[in-house]
Amino acid sequence: MLIIEEVKAIQQQVWEWKQAGYSVGLVPTMGSLHAGHSSLIDKAVEQTDRVVVTLFVNPTQFGPNEDLDNYPRSFEQDKAICEKHGAAALFAPRTEQMYPEQAATRVQVSGLTSSLCGKSRPGHFEGVCTIVAKLFNCIPAHKAFFGEKDAQQLAIIKRMTTDLNFEIEIVGCPIIREADGLAMSSRNSYLTPQERKAATIIHKTLVQAQDQIAKGEKSTQKILHFIETQIAQEPLAEIDYIEAVAQETMLAVSEIQTGTLFAVAIRFGKARLLDNFIIK
Ligand code: AMP
């Protein structure tokens, strides 16, 4: 597996692969890789000939009081995971490579970014869109793979890709969970043993909510109320948001239908955890 730090070098490598007739897959990450990330790499390896995993803790998507400095980093382990899962290259640029001092351009998607995480984390999606657009220019892949755990991010990236005419197909990948249902996340490492145990309430509640919907409940309000009441019973949980929106527009919906996304962000101590389900 190639390890590449320079923008010019990864662009050249991708160009050579494309010239040779290979299809290229891209898996953007912030490192500290877990089975959620490796499921994306597996899917990319299944669907494309040469897979580039990117590892960059992107400073512009962190707010001033967020966890940029403490974000977990484990380069050697990440490298081993990428290699084991069949990545052809790991692109791990230094911050100055992606954001030279004079850099003054930001990518902003409107509308879709004003609810859910966009509301709780002002500027977050501007940072995400800026880095993803830059990565798409560094690695003009045929397909890029993103997790449905970050459902709003996925919708925004799809919009940006269409709007900016990137010729990249965006592939959404299902949420990978721990054995007890907690959605895998690099930030789960912030949880104390007590918080880790308490955090299982999120998935447990979302499964119960899905059961009620399967039995015929159509009101988003009733389901949101149910989720809120259940999670509020856990003293270590602090609700950031619990929302029901249309998967593609991120606008609130009152009646549950195909494409309705129930998304939650819940804090346990230092960790802010996301989870969701979509009515298929
Ligand atoms: P991150 O490193 O947290 O920025 O995540 C990189 C990519 O991995 C994003 O597309 C995430 O949505 C995806 N991802 C993170 N956790 C999971 C998970 N538990 N299941 C599936 N995809 C995930």
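Our subject in this report is the structure included herewith. (Residues numbered from 1 in each chain as written. Predicted model: local features only at pLDDT ≥ 70, side-chain atom pairs only at ≥ 80, totals over all residues. Heavy atoms only, no water.)

1. Brief notes about the overall build of the protein
Working step 1: If you tally the helices and strands in the protein, you get 10 helices and nine strands.
Working step 2: Relative to the 2.2 N^0.38 estimate, which gives 19 Å for 280 residues, the radius of gyration of the protein is 19 Å and therefore close to what a compact globule would have.
Working step 3: Counting the 280 residues in the protein, one finds 54% classified as buried.
Working step 4: Once local pairs closer than 6 in sequence are excluded, the contacts in the protein between residues at least 24 apart make up 72%.
Working step 5: Accessible surface for the protein amounts to roughly 13,700 Å². Of this, 48% is attributable to carbon and sulfur atoms. (Helix = DSSP H or I, 4+ residues; strand = E, 2+ residues; numbered from the N terminus. Rg over C-alpha atoms; globule rule 2.2 N^0.38 Å. Buried < 20%, exposed > 50% of the residue type's maximum accessible area, 1.4 Å probe, protein only. Contact = heavy atoms within 4.5 Å. Areas by Shrake-Rupley, 256 points an atom, 1.4 Å probe, with all protein chains shown as cover.)

2. What about the nonpolar core?
Working step 1: If you look at the biggest cluster of nonpolar residues, it comprises 49 residues, and the most contacted ones within it are Ile10, Val52, Phe91, Met98, Phe136, Ile139 and Met160.
Working step 2: When residues in this core are grouped by element, the largest group, nine residues, is from helix H6 (residues 124-138).
Working step 3: Discounting chain neighbours no more than four positions away, the residues touching Met98 are Val7, Phe56, Phe91, Pro93, Ile131, Lys134, Leu135 and Cys138.
Working step 4: Formed by 31 residues, the second largest nonpolar core is a distinct cluster that contains Leu191, Ala198, Ile242 and Leu273. (Core = buried A, V, L, I, M, F, W, Y, C linked by side-chain atoms within 4.5 Å.)

3. Observations regarding the state of the cysteines
Working step 1: Taken as a whole, this structure holds zero disulfides when the rule is applied.
Working step 2: Free cysteine Cys117: the closest other cysteine sulfur is in Cys129, separated by 13 Å.
Working step 3: The exposure class of Cys117 is buried, given its relative accessible area of 7%. (Disulfide = S-S within 2.5 Å.)

4. What to know about the sheet that holds strand S3 (residues 50-55)
Working step 1: Pairing is parallel across the open sheet formed by six strands, whose spatial order is S1-S4-S3-S2-S5-S6. If you trace the sheet from one side to the other, it starts and ends with strand S1 (2-4) and strand S6 (169-173), each paired once. Sheet twist, expressed as the average angle between the axes of neighbouring strands with direction ignored, equals 25 degrees.
Working step 2: Pairing of S3 with strand S4 (residues 89-91) involves three bridges; the strand directions are parallel. Bridge assignment links Val53 to a residue of S4, and that residue is Leu90.
Working step 3: Running at roughly 140 degrees to S1, helix H1 (residues 7-19) makes contact with S1, strand S2 (24-29), S3 and S4 of the sheet.
Working step 4: Running at roughly 155 degrees to strand S5 (residues 143-147), helix H2 (residues 35-47) makes contact with S2, S3, S5 and S6 of the sheet. (Pairing = 2+ DSSP bridges. Axes fitted to C-alpha atoms, helices over the stretch in contact; angles between N-to-C directions.)

5. Topic: the site of the ligand
Working step 1: Taken together, 17 residues lie near the ligand, and His37, Gly147, Asp150, Ile176 and Met184 sit nearest.
Working step 2: In this structure, an oxygen atom belonging to the ligand sits 2.6 Å away from a side-chain N or O atom of Asp150.
Working step 3: The separation between a nitrogen atom of the ligand and a polar main-chain atom of Ile176 is 2.9 Å.
Working step 4: At three residues, the largest contribution of residues to the shell around the ligand is made by H2.
Working step 5: Tallied by class, the residues present in the shell around the ligand amount to nine nonpolar, six polar and two charged. (Near = heavy atom within 4 Å. Polar contact = N/O pair within 3.5 Å; in protein donor to acceptor, adjacent residues only side chain to side chain. Nonpolar A, V, L, I, M, F, W, Y, C, P; charged D, E, K, R; others polar.)

6. Structural notes on unusual backbone geometry
Working step 1: If you check the backbone angles, Ser32 has positive phi at about 55 degrees while not being a glycine.
Working step 2: For Ser32, the location among the structural elements is in the loop between S2 and H2.
Working step 3: Of the residues examined, Ser32 reaches a relative accessible area of 14% and is grouped as buried.
Working step 4: Positive phi values are uncommon outside glycine, yet Met250 reaches one of about 65 degrees.
Working step 5: Checked against the element boundaries, Met250 lands in the loop between strand S7 (237-246) and strand S8 (260-268).

7. Notes on the environment of Ala20
Working step 1: Along the polypeptide, Ala20 turns up in the loop between H1 and S2.
Working step 2: Taking the relative accessible area as the measure of exposure, Ala20 reaches 51% and is therefore exposed.
Working step 3: Residues Ala20 and Lys215, spaced 195 residues apart in sequence, show a C-alpha to C-alpha distance of 53 Å.

8. Remarks on the packing of aromatic side chains
Working step 1: Under the defined criterion, the tally for this structure stands at five aromatic pairs.
Working step 2: Measuring from centroid to centroid gives 5.8 Å for Phe62 and Tyr71, while their planes differ by 80 degrees, and the two rings are edge-to-face. For the pair shown, Phe62 and Tyr71 are each scored as buried.
Working step 3: The interplanar angle of 20 degrees and the centroid separation of 5.0 Å between the aromatic rings of Phe262 and Phe277 together place this pair among those described as stacked. Of this pair, Phe262 sits in strand S8 while Phe277 sits in strand S9 (residues 271-278), and the two are 15 residues apart along the sequence.
Working step 4: Taken together, the aromatic side chains of Phe136, Phe146 and Phe166 make up a single cluster linked through ring pairs.
Working step 5: Sitting above the plane of the Tyr99 ring, Lys134 keeps its charged end 5.8 Å from the centroid. (Phe/Tyr/Trp six-rings, centres within 6.5 Å; stacked < 30°, edge-to-face > 60°. Lys NZ or Arg CZ within 6 Å of the ring centre and 35° of its normal.)

By themselves, these are just geometric observations and shouldn't be taken as functional.
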